[in-house]
Amino acid sequence: MAFANDVRFPVDRREILGRLQAILPRHLVLAEEEELRPYECDGLTAYRALPLIVVLPETETQVGAILKACHELKVPLVPRGAATGLSGGAMPHEDGVVLSLARFKKILKIDPLSRTAVVQPGVRNLAVSEAAAPYGLYYAPDPSSQIACTIGGNVAENSGGVHCLKYGLTVHNVLKVRGFTINGEAVEFGAEALDAAGLDLLAIINGSEGLLAVITEVTVKLTPKPELAQVVLAYFDDVQKAGNAVADVIAAGIIPGGLEMMDKPATHAVEPYVKAGYDLDAEAVLLCESDGTPVEVAEEIERMKAVLEKSGATSLVVSQNEAERLRFWAGRKAAFPAVGRITPDYLCMDGTIPRKRLAEMLEAIADLSVKYGLRCANVFHAGDGNLHPLIMYDANQPGELERATAFGSEILELSVKLGGTITGEHGVGVEKVDLMAAQFTPAEISAFHRLKAAFDEKGLLNPGKGIPTLARCREYTQTRGAAAVTPPPRF
Amino acid sequence: MDAQLKEWIARVHDAAEAGKALCIRGGGSKDFYGAVPVGELLDTTGYRGIVSYEPTELVVTVRAGTPLAELEAALKEKGQCLPFEPPHFGAGATVGGMVAAGLSGPRRAAVGAVRDYVLGVKLIDGKGGLLAFGGQVMKNVAGYDVPRLMAGSLGTLGLLTEISLKVLPLPMAGMTLRFAMTETEALKKLNEWGGKPLPIAASAWCDGALTVRLAGAFAAVRAAREALGGEEVADAGAFWQSLREQTHPFFAGDSPLWRVAVASVSPPLAQPGSTFVEWGGAQRWLRGELDAGQLRAIAAQCGGHATLFRADAESKARVGVFQPLSPVLARLHRNLKQAFDPAGVFNRGRMYPDY
Amino acid sequence: MQTNLADFIKDTPDGREADAILRTCVHCGFCTATCPTYQLLGDELDGPRGRIYLIKQMLEGKPVTEKTQLHLDRCLTCRSCETTCPSGVKYHRLLDIGRKVLNERVPRPLAQRLVRTALKEALPRPWIFRPAVAAGQLVRPLLPQVLSDKVPTSAPGQSRGWPEKSNHPRRMLVLAGCVQPGLAPNTNAATARLLDRIGITLFEAPEAGCCGALRFHLDAQEQALDDMRRNIDAWWPHVEQGVEAIVMTASGCGAHVKEYGLLLKDDPAYAAKAERIAALTLDISEVLAAEAEKLKPLLVTRQHPPLKLAFHSPCTLQHGQKIKGVVEELLQAAGVELTPVPDPHLCCGSAGTYSILQPALSKQLRDNKLAALNSGAPAAIVTANIGCQTHLQAGSAKPVRHWVEIIEERL
């Protein structure tokens, strides 16, 4: 559906086009509908908007000049990386320019001694690890889209991954970000040192969804590869038992390298693609990874197996070699798009809840699936309590998207009620902008707007995303008031 | 709402209206840090206690005035800890002060800093609004990451009232090794080891000796001990504690103490006076009357910055405690202060004079 | 993905197939990561996801111009995206349909039409192509760079000829192909000698010709279908007499012949035969892998000097036919050391006539590929498709050969 952006700008298209064409060679400025249309959405196809112009700069000087032009002419601007995001964060603004950073794809430096890599924002997440591999190093955050998603986007969304319980999120693995403010000034957040002088602005740039600055260079930490990693597949005949097993593992004092869960619809979707050999009769599978020295891993795997067995696992399979381990993970990492094999469209939710509430949430999702008459596959970063229910629908059937959206909203509202959040790693984007009102008070939303204004007074960077206007908040509480669950008393 | 919070909100309102400054203070253990505090005292120690603690969730929520010692004792009882080993610098240190100061201890290079463990905060902003950001879950990207911004903000953006932190199990095994080597050799070794999957939890070099702490699973520590060699140090706990709390003889005396944060691979800083290296080479402590301008230029070249960590008020005022910011960053700092505390109520000038 | 196909195509076989393909795409963007042209150009429109969108717009009845044509032309049809796609999008089929519709709507300028006509008329006809290569060698210095690169610098590699008399009960057909006999006659001869050693007689059906892929990808899908019907007619008597397989020594042809069933499904006279032909078609690597028991002992009878080779797996082998690791294993069994090759999934830029029609991109891809292939300092490069072989050879001082020749030499 077209997203009704309530933040609009009176823009003179010809004027800004002229300015941009003076900055960039012709083939790097797209302005005809035919070539703009494929830019109308990112990994979330449910919301779309046609941009006025798309630019594909190649140098920092060009980026600075583009920003200056947009700032002067008050033209909104949406930065875009690989556009794999699932919250519509890179969806264009209909009055604005899409600033694609896809041509910024150089790995500028890999320094094995300081264990850092300096990369341009259009470098793919996996490419960093591949480049670091000869030195026994890798870039730890591994979002499931790591084959395609870029570092710039990872910083903008503070991306997580399947190993972040132990190795942290993007914010924990980025040392420095170089970029430009909306008025075209170059700026650096963070340092090669472990901290920088003044406020920790790097912390808010991570996860700022392209609302605060445009990123043109990122310095990331590289992590030594563990000597060995092995994953246990634990199958369960009941999804809730699997949910409880997650809490049991943590309670046993184990911090697994990764702790993930898929339910039956999810394994059925991925198996034809990855041929991982998942047991398709099981109701749920947990992937529980141990890494370290061989002795350490052997010890930990035994402890994990004991806990999982006690939690009711019906069978356990331990990866016997690296190829098998990667195959087991491949299914998990390809789970979202693989669901495309069993449904034309899906919405992927991203709520996070306290781990102990997992079983409760699963039960609620099953009920909602019946209520809305839509199937749902569940893929979880179980260790972090981060849920990715995939609500399946058919956009060609009138009313299904609306039902899917309502289904998703209920899951997220429940996430807040259970003491969690509407988004763990995918970002708010356009998808969840209204739901921010379920999690934050108008005073808090206003504080976010003031923070935004500290960086971007005219509100030109990625407008309408991330933080709802107060009008939207009011509308949300009025229309969903009854349905929306009131968060627990907070003060 | 809690009576204490109501009272604070009223005080902030009044101060904002009257254009008065408030000086937020917990145990006062870090009064020495940053510019000399000014303004009317706002004591947070009355607002204390652990609000919730679920060891299986790896999350604890505490009121800002809670003594750090009390929190650490509660965690230890469940076999958990604050992995970043925050320094107390005094008996009264509070959790709020820990976050506001943003200081981390010996294990920082291995496990991350305070900011990496802050999941959520509640705070009173400069207009007296009580706001909550973040939450009690590991992953949360709804809204800007204000909780992490608070870490190290020296109370300049708001009055922290409640904080949620990620906690971790205590390492199962530990061991300390010592090697005789020069600073240059130590820096080289530390960076080389850093690139290997070794369970190095902390490191310190001074006076020709490199001390390394291993922590983790028994098997991993054993294997690392084999790989690294060196002399095993018995009862090393006191040594690491003396670093964390700066009671080690290196930190004794009145001469100025500089903290220089640099890229870990930076060569020895070649400054007069003695040096203490921590964090795998990324944190260098220097003692003596040093040329601030020169030192800051060197620190910047090495990818970092220099802080006049301990000194008399006169020196702090003369050279500034923190490395000056670029014009763009300085503007963003002023704008953020304006966003959170437009009347300049909180900890005026504690970080930068115009802020 | 939501679709709303226009009336002109909605209820046609093409329309239904396109709609089904579009609806499997969830727009995740994984495909862009392994798309050679997206990696070079960084424009959504030059990656599979963007091209799918361009085709979707056109099929939904939106105006279409040479802009769409430019981005579809830039696609190599390497099908790397299909290997990457977790949703199972049959991209190349959508592209075939898209190109067909586009061709009806956006006429090409005269110059482009002439080049394309020349290519699709000359290349598939050995009687024009072979003398042309010889002539080309004479006038090589006078040809524009794009064409001179295609003309081998020396006479085609010496062939020791086909086995004198091979008359085993096991018989397999082999496709002669259109350009291979002129450029690399030893490939099929070596294959025949090799199979003869393990008790299989290989023979060509003289009436068969180009597999049809060339024209199919040059806006001449109808002509291509005629090529395919002619081949089926040529092979059918032998099929009825019980040939075991139809062997392909050029993976580009193999990928196409394996699709005969799909491409002729709407032709009642040929659908069943095409299906059968496709099922009988095997790449030479599949044949040898199945005969490994017989082959391996023959490979260890003689001592060979150590040989370091880099293998370039053609897109039509690894992505089109999904054959991975098979050639590598055979070469290793023959005592060859294979050097590591970074980004093995990326296309070399040959892609049929792409190297002639998109010279700049093609050359960039070739340079990148040769750098990757040479990074392990091999003595020579081996591949499995005549197109890749000549394309890489044009930029390489090291010999580029068909891998089957190496195996045969080491018997």
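## With respect to the overall build of chain B
In step 1: When you go through chain B residue by residue, the secondary structure sums to 12 helices and 17 strands.
In step 2: Here the C-alpha radius of gyration of chain B, 21 Å, is about what a compact globule of 355 residues would show, namely 20 Å.
In step 3: Expressed along its principal axes, the backbone C-alpha trace of chain B runs to roughly 60 × 50 × 35 Å.
In step 4: The buried share of chain B, taken over its 355 residues, is 63%.
In step 5: Long-range pairs, those at least 24 residues apart, make up 67% of the contacts in chain B between residues at least 6 apart in sequence.
In step 6: Approximately 12,600 Å² of chain B is accessible, and the part contributed by carbon and sulfur atoms is 54%.
In step 7: Looking at chain B, you have 37 positive and 34 negative side-chain charges, and the mean spots of the two groups are 4 Å apart.

## Considering the interface of chain C and chain A
In step 1: Facing 38 residues of chain C, the contacting portion of chain A comprises 42 residues.
In step 2: Interface area, chain C with chain A, both sides summed: about 3,200 Å², of which 50% is carbon and sulfur.
In step 3: Sorting the residues of chain C by area buried against chain A places R23, F30 and Y53 of chain C first, and these three jointly supply 18% of that buried surface.
In step 4: There are 3 salt bridges connecting chain C and chain A.
In step 5: The salt bridge involving E35 of chain A is made with K67 of chain C; its shortest N-O contact spans 3.7 Å.
In step 6: Joining chain C to chain A, the criterion identifies 23 residue pairs in polar contact (both at pLDDT 80 or more).
In step 7: Looking at the side of chain C that touches chain A, the elements that each hand over two or more residues are α2 (13-24), α3 (36-41), α4 (48-59), α5 (66-73) and α6 (80-84) of chain C.
In step 8: Residue contributions to the side of chain C that touches chain A peak at 5 residues, all from α4 of chain C.

## Considerations on helix α12 (residues 186-197) of chain C
All names here are of chain C.
In step 1: End to end, α12 covers 16 Å across 12 residues, agreeing with the expected 16 Å (1.5 Å per residue, within 8%).
In step 2: With 10 of 12 residues buried, α12 is to be regarded as a mostly interior element.
In step 3: Two residues or fewer past α12, G199 is found with a positive phi of approximately 85°.

## A word on the domain arrangement of chain B
Residue and element names in this part refer to chain B.
In step 1: Domain parsing of chain B yields domain 1 (3-170 + 332-340) and domain 2 (173-253 + 255-311).
In step 2: Here the C-alpha centroids of domain 1 and domain 2 sit 27 Å apart.
In step 3: Taken residue by residue, the interface counts 17 residues in domain 1 and 14 residues in domain 2.
In step 4: Carbon and sulfur atoms supply 58% of the area buried between domain 1 and domain 2, which totals about 1,300 Å² over both sides.
In step 5: It is F32, F89 and P106 in domain 1 that bury the most area against domain 2; as a group they hold 43% of the surface buried on that side.

## Focus: the packing of helix α9 (residues 239-251) of chain A against helix α14 (residues 358-372) of chain A
All names here are of chain A.
In step 1: Across the interface, α9 lies against α14 with an axial gap of 8 Å and an inter-helix angle of 155°. If you check the angle between α9 and α14, you find them roughly antiparallel. The handedness of the crossing between α9 and α14 comes out as right-handed. Taking contact as the criterion, the partners of V239, Q240, G243, N244 and V246 in α9 are, on α14, L358, A359, L362 and E363.

## A few points about the pattern of salt bridges
In step 1: According to the stated counting rule, one finds 80 salt bridges over all chains in the structure shown.
In step 2: For K139 of chain B, the salt bridge is made with D384 of chain A, and the minimal N-O distance between the two is 3.5 Å. Remark: D384 of chain A occurs in the loop between β17 (376-381) and β18 (386-393) and K139 of chain B occurs in the loop between β7 (130-134) and α6 (146-150); the pair is interchain, linking two chains.
In step 3: On the basis of relative accessible area, K139 of chain B is assigned to the buried category, the value being 1%.
In step 4: A relative accessible area of 5% means that D384 of chain A is categorised as buried.
In step 5: Between E425 of chain A and K139 of chain B there is a salt bridge, with the nearest N and O atoms lying 2.9 Å from each other. A residue pair is termed interchain when its members come from two chains, as with E425 of chain A in the loop between α15 (400-417) and α16 (436-439) and K139 of chain B in the loop between β7 and α6.
In step 6: Judged by relative accessible area, which is 8%, E425 of chain A ranks as buried.
In step 7: What you see here is one network of salt bridges that share partners, running through E60, K176, R178, E188 and E192 of chain A.

## Considering helix α18 (residues 470-480) of chain A
Residue and element names in this part refer to chain A.
In step 1: Among all positions of α18, only R472, C473, Y476 and R480 are buried. Each buried residue of α18 sits inside an arc of 105° when the element is viewed along its axis, so together they form one side. In α18, the exposed positions angled more than 90 degrees off the buried face are occupied by R474, E475 and Q478.
In step 2: Against α15, α16 and α17 (442-455) lie the buried residues of α18.

## So, the packing of α5 of chain C against helix α7 (residues 91-105) of chain C
In a pair of packed helices, the angle between the axes and the distance between the axes together describe the arrangement.
Residue and element names in this part refer to chain C.
In step 1: Put simply, α5 and α7 touch, their axes get as near as 11 Å, and they point 145° apart. Like other packed secondary-structure pairs, α5 and α7 cross with a definite hand, here left-handed. Across the interface between the two elements, T68, Q69, L72 and D73 from α5 touch L95, G98, R99 and L102 from α7.
In step 2: Residue composition of the contact of α5 with α7, grouped by class: 3 nonpolar, 3 polar and 2 charged.

## Some points on the interface of chain A and chain B
In step 1: Listed as interface residues are 85 residues of chain A and, on the opposing side, 73 residues of chain B.
In step 2: Summing both partners gives a buried area of about 6,300 Å² for chain A against chain B, and 63% of it is carried by carbon and sulfur.
In step 3: Our enumeration of links across chain A and chain B arrives at 7 salt bridges.
In step 4: Remark: the boundary between chain A and chain B carries 26 residue pairs in polar contact (both at pLDDT 80 or more).
In step 5: Mapped onto the side of chain A that touches chain B, the elements with two or more residues apiece are α6 (164-167), α7 (170-173), β9 (186-190), α8 (201-205), α9, α11 (294-310), α16 and α17 of chain A.
In step 6: The element that contributes the greatest number of residues to the side of chain A that touches chain B is α17 of chain A, accounting for 9 residues.
In step 7: Across the side of chain A that touches chain B, the residue classes tally to 41 nonpolar, 23 polar and 21 charged.

What counts and how
Residues numbered from 1 in each chain as written. Chains lettered and ligands numbered in written order. Predicted model: local features only at pLDDT ≥ 70, side-chain atom pairs only at ≥ 80, totals over all residues. Heavy atoms only, no water. Helix = DSSP H or I, 4+ residues; strand = E, 2+ residues; numbered from the N terminus. Rg over C-alpha atoms; globule rule 2.2 N^0.38 Å. Buried < 20%, exposed > 50% of the residue type's maximum accessible area, 1.4 Å probe, protein only. Contact = heavy atoms within 4.5 Å. Areas by Shrake-Rupley, 256 points an atom, 1.4 Å probe, with all protein chains shown as cover. Lys, Arg positive; Asp, Glu negative; His and termini not counted. Charge placed at Lys NZ, Arg CZ, Asp CG, Glu CD. Buried area = accessible area lost by both parts, 1.4 Å probe. Salt bridge = Lys/Arg side-chain N within 4 Å of Asp/Glu carboxyl O. Polar contact = N/O pair within 3.5 Å; in protein donor to acceptor, adjacent residues only side chain to side chain. Expected span 1.5 Å × (residues − 1). Domains from an automatic or database assignment. Axes fitted to C-alpha atoms, helices over the stretch in contact; angles between N-to-C directions. Parallel < 35°, antiparallel > 145°, perpendicular 65-115°, else oblique. Left-handed = near helix turned anticlockwise from the far one by under 90°. Arc of directions from axis to C-beta. Nonpolar A, V, L, I, M, F, W, Y, C, P; charged D, E, K, R; others polar.

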